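Now for the letters of each chain:
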Amino acid sequence: MTSKWLKYYCVVLLLMLGMGVARAQYTVPESGWYWNPVIGGTGVNMEFQDTSMPLAYYAYSSTGQSAFFTVQGTYDVVNRRVVGDLYTFQGGQCIGCPYVAPTAIKIGTATIQFSSLSTATITFATAQGTAAFAVQRFVFTLSYYPTRS
């Protein structure tokens, strides 16, 4: 009877260790601010919650107005990418104004292909064409900001 219980506990222990090893191999890229130092004035924010990833892209419209775009997708752990619909917004609430719901407009698709846990290539496909650019995790340091006098 004792050896039977010992075998049972060993099997349970091995299963628990196996699940722990499999879970440890599951990693997602770093959440936070991303940018391309060559493309000044734009930025990307990515947040990972398990395999769900919303992305916000801050840039400019074709008329030079500041704009933001969003993508919502699921991180594909095997292929290290996220694919989702690309949206822009119109209307909405101004700072300090009463709430006004924005209008979401689907303008295309986006693919975020990660090459590491802190670098990726983002490809936007819209009716105007396709644009791709590399981004890297922005590291906030005091040395980045200019010295003020």
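Just above, that's the structure.
Residues numbered from 1 in each chain as written. Predicted model: local features only at pLDDT ≥ 70, side-chain atom pairs only at ≥ 80, totals over all residues. Heavy atoms only, no water.

J.: Can you walk me through the sheet that holds strand β7 (residues 119–126) in this structure?
T.: Consider a sheet: its strands pair through backbone hydrogen bonds, and that pairing is either parallel or antiparallel. Taken in spatial order, the eight strands close into a barrel running β1-β2-β3-β4-β5-β6-β7-β8, and their pairing is antiparallel. Ignoring strand direction, the axes of neighbouring strands in this sheet form an average angle of 30°. Relative to strand β3 (residues 52–60), strand β2 (residues 43–46) is paired through four bridges, and the arrangement is antiparallel. The residue of β3 that forms the bridge with Asn-45 is Ala-56. (Pairing = 2+ DSSP bridges. Helix = DSSP H or I, 4+ residues; strand = E, 2+ residues; numbered from the N terminus. Axes fitted to C-alpha atoms, helices over the stretch in contact; angles between N-to-C directions.)

J.: Even after reading the chapter, I still don't get the pairing of strand β5 (residues 81–91), so can you show me in this structure?
T.: As a general feature of sheets, a regular strand has side chains that alternate between the two faces. Pairing between strand β4 (residues 66–74) and β5: five bridges, direction antiparallel. Paired with Val-71 across the strands is Leu-86, a residue of β5. Taking the residues that link successive antiparallel strands as the turn, the β4-β5 hairpin has six residues, and the phi of Arg-80 there is positive, at about 55°. As paired strands, β5 and strand β6 (residues 102–114) are joined by 11 bridges and run antiparallel to one another. Within the sheet, the bridge partner assigned to Phe-89 lies in β6 and is Ala-104.

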